[in-house]
Each structure stands twice: as structure tokens, then as C-alpha cells.
Amino acid sequence: IINPYSPILSQVFNVKYILSHYPLPRFKLINRAEEYWAYLYEITEAKPICSVVPLIGSELVNSEAVIESFELLPDQINIIARSSQSGIVRLNMTLDRYWSAQVNGKETTILPINTIFAGVEITPGKSTIVLKYDYWPLKLFAWISVFGLIASLILLRYLFRGKINEAYHPSSLL
């Protein structure tokens, strides 16, 4: 059980809202459903979904590092980051083997950050990052389903060929 007063909710899991049966004065109350004894709170110190962090052994103390643009699409994330030195763009999303990354048009490795989150290394200057999600098993299962449907329709057509026409033939009404 996670202590709702712990900053780990907003810092690690990037939780934006919490539903509780108990009053939590630390957070901003959004709604209270008295008949269910439930409180809905907003966690105002939630971290951004994406940020630039320094490489191990270096600091971003005297440098500027900003995310200029962040676009979230159903199967793709587009990011434009600018940094005066090398760094890592850290994403508050779980690391998954179906993600692939490109930085400035070149394939790159997605780095694990804090074991479960994802990061992409960038060089000084402007970096265009494209993360694509390709869950190929879903496409495979979709094609198998389509093939199964077509095979079933052909089989039904073969099994009932002529029987439907015979049932409605005028000679059958006599």
C-alpha cells in the first residue's frame, strides 16, 4: 500500500489525481461524494511527462535544456528538445520493448531510467525525437482473425450451397 502523503506518488508514478475514503489535506479537493464517503483530490505537484536530465557524471547547472514541443499521437510521440550540452530526455512512461526511437532521423537506443521509465540521449543543440510504438502481435492477431472470418464464410457458403435456394424455390411451395 502506498502512503498517499508520500511524494513518491507525484514524483515517480506521475499520479495526477487520487481517490480516497479519507480526507487528505495535503492535496487539492476536487469533489466529494458524501453518499460513498469518497474524496477526489488533484495532486498539484505532478511532474511533467517529459524533461531533460543530465548524463551520468555531468550536470546541467550552467546550461539551458528545454522541451520546446511535445506531441502525443495514438502510436507515436514527437518531441523537440534544445540543450546546450548532451543529456537525456526522460519520459514518464513505462519502458516497453515495442517502442523504437529516432533522434534527428537516426535510430537510437531507448535507455531505462529508474528501471521502469524510458529515456533517449540527445546531443547539444536542437534534437527532434520520434518515438514509435509498433505492437506487431496485435497486427498478427488481426490478420489471423480476418483470415479466420473469410475461411468461415467460405465454409458456410460451401456447406449451405443450394439449400437456401431450394427452400424458396416455387416448386417447394406445392
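Relevant structure appears above.
What comes next is a walk through the structure.

Calculation criteria
- Residue positions are given per chain, counted from 1 along the sequence in the order it is written.
- Local features are withheld for residues below a pLDDT of 70 in this predicted model, meaning they are given only at 70 or higher, and side-chain atom pairs are given and counted only at 80 or more; totals for whole chains, interfaces and linings count all residues.
- Excluding hydrogens and water, the side-chain values take into account all heavy atoms of the structure.
- By definition, any uninterrupted DSSP run of H or I lasting at least four residues is a helix, any uninterrupted run of E lasting at least two residues is a strand, and each is numbered from the N terminus.
- Summary of the burial criterion: residues with accessible area below 20% of their type's maximum are buried, those above 50% are exposed, and those between are partly exposed, where the area comes from a 1.4 Å probe applied to protein chains only.
- We call two residues in contact whenever any of their non-hydrogen atoms come within 4.5 Å of each other.
- Any Phe, Tyr or Trp ring, taking Trp's six-membered ring, that has another such ring centre within 6.5 Å forms a pair; planes under 30 degrees apart are called stacked, those over 60 apart edge-to-face, and the others tilted.
- Definition used for salt bridges: Asp or Glu carboxyl oxygen within 4 Å of a side-chain nitrogen of Lys or Arg.

### A look at the overall build of the protein chain
And step 1. Along the backbone of the protein chain there are three helices and twelve strands.
And step 2. Across the 174 residues that make up the protein chain, the buried fraction comes to 26%.
And step 3. Taking the intrachain contacts of the protein chain between residues at least 6 apart in sequence as the baseline, contacts between residues at least 24 apart amount to 47%.

### Here we look at the packing of aromatic side chains
Centre-to-centre distance and the angle between the planes together describe a pair of aromatic rings.
And step 1. This model, assessed by the stated rule, comprises four aromatic pairs.
And step 2. The interplanar angle of 85° and the centroid separation of 4.7 Å between the aromatic rings of Tyr98 and Tyr135 together place this pair among those described as edge-to-face. Placement of Tyr98 in the loop between β7 (87–94) and β8 (99–103) and of Tyr135 in the loop between β12 (125–133) and α2 (136–159) is noted, with a sequence separation of 37 residues between them.
And step 3. For Tyr98, a relative accessible area of 13% translates into the label buried.
And step 4. Using a relative accessible area of 33% as the deciding quantity, one classes Tyr135 as partly exposed.
And step 5. Ring pairs connect the aromatic residues Tyr98, Trp99, Tyr133 and Tyr135, which therefore count as one cluster.

### Details of the pattern of salt bridges
And step 1. Here the structure, examined in full by the defined rule, presents two salt bridges.
And step 2. Glu68 is the partner of Arg82 in a salt bridge, and the nearest nitrogen-oxygen pair spans 2.5 Å. Here Arg82, found in strand β6 (residues 76–83), pairs with Glu68, found in strand β5 (residues 65–73); they are 14 residues apart in sequence, far enough to count as distant.
And step 3. We classify Arg82 as partly exposed; its relative accessible area is 38%.
And step 4. Taking the shortest distance from any N to any O, the salt bridge between Asp134 and Lys139 comes out at 2.9 Å.
And step 5. For Asp134, a relative accessible area of 37% puts it in the partly exposed group.

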